[in-house]
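Chain residues, written in single-letter form:
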Amino acid sequence: MRELSLHILDIAQNSITAESTFIEIEVHEDTINDEIIINIIDNGKGMDESFLKSVADPFVTTRKTRKVGLGISLFKAAAEMCNGRFEIHSKLGSGTTVTARFQRSHIDLVPLGNMAETMITLIMANEMIDYVYKHIFDGKTFVFDTREVRLVLESVPLGDLGVLQWIRDHIDEGICEIKRVYVE
């Protein structure tokens, strides 16, 4: 994939399929330690030990439409290709945590991509799920939490076009602020 955000979208879609009601996405960029760490944490159905051991195999999938599931294996390969590592922790009935680490300066590391669009896409896929997006850049943190937005909106749905535009702008501005990039 051309962007890490597309890997994140794919893994989060797995969380939606696993009937999660809460998905947390964390992106840690650390220029001093030269790494990017991505965590995707859900409270979905989880996986038993047997399935967990083989989940990175592209020919192991729960899909009924096709017999290949490349998302996890491609994300793992991307991390390992960039002097990183990949881990999945899961327990049946307790959810799943996916962690990918990348060497930030590695020549083969693809860009992070547009995380605001990724979050909008996830909200549109299932606006009843609570999402938290946390982006940490050299110790400065931006957090977007749909639970907080719902409290303010009351009866206005997250899928409302005006709300989605505000969410997009809010995430873009938050990331720019922690990275000290100012857009006029």
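Data block above holds the structure.
Treat the numbers as computed from the prediction; the structure is a model and nothing was measured. (Residues numbered from 1 in each chain as written. Predicted model: local features only at pLDDT ≥ 70, side-chain atom pairs only at ≥ 80, totals over all residues. Heavy atoms only, no water.)

Enquirer: Quick question: what am I supposed to make of the pairing of strand 6 (residues 140-145) here?
Expert: Across six bridges, strand 5 (residues 130-137) lies against strand 6 in antiparallel orientation. Across the sheet, Tyr133 pairs through a bridge with Phe144, a residue of strand 6. Taking the residues that link successive antiparallel strands as the turn, the strand 5-strand 6 hairpin has two residues, and the phi of Asp138 there is positive, at about 45°. (Pairing = 2+ DSSP bridges. Helix = DSSP H or I, 4+ residues; strand = E, 2+ residues; numbered from the N terminus.)

Enquirer: Sorry, what's going on with the pattern of salt bridges here?
Expert: Pairs can form between side chains of opposite charge whenever their charged atoms are close. A full pass over the atoms with the stated rule returns nine salt bridges. Two residues, Arg168 and Glu117, come together in a salt bridge whose shortest N-O distance is 2.4 Å. Highlighted residues: Arg168 in helix 6 (residues 161-178) and Glu117 in helix 4 (residues 115-125), separated in sequence by 51 residues. For the salt bridge of Asp130 with Arg150, the shortest nitrogen-to-oxygen distance reads 2.9 Å. Highlighted residues: Asp130 in strand 5 and Arg150 in helix 5 (residues 146-153), separated in sequence by 20 residues. Salt bridges sharing common partners tie together Glu29, Arg104 and Lys179. (Salt bridge = Lys/Arg side-chain N within 4 Å of Asp/Glu carboxyl O.)

Enquirer: When you look at the nonpolar core in this model, what are you seeing that I'm missing?
Expert: A general feature of soluble globular proteins is that nonpolar side chains tend to end up buried together. Residues Ile25, Ile38, Phe75, Phe102, Tyr133 and Ile171 are the most contacted members of the largest nonpolar core, which totals 44 residues. Setting aside chain neighbours within four positions, we find Ile38 in contact with Leu4, Ile8, Glu26, Val27, Phe75, Val98, Thr99, Ala100 and Phe102. (Core = buried A, V, L, I, M, F, W, Y, C linked by side-chain atoms within 4.5 Å. Buried < 20%, exposed > 50% of the residue type's maximum accessible area, 1.4 Å probe, protein only. Contact = heavy atoms within 4.5 Å.)

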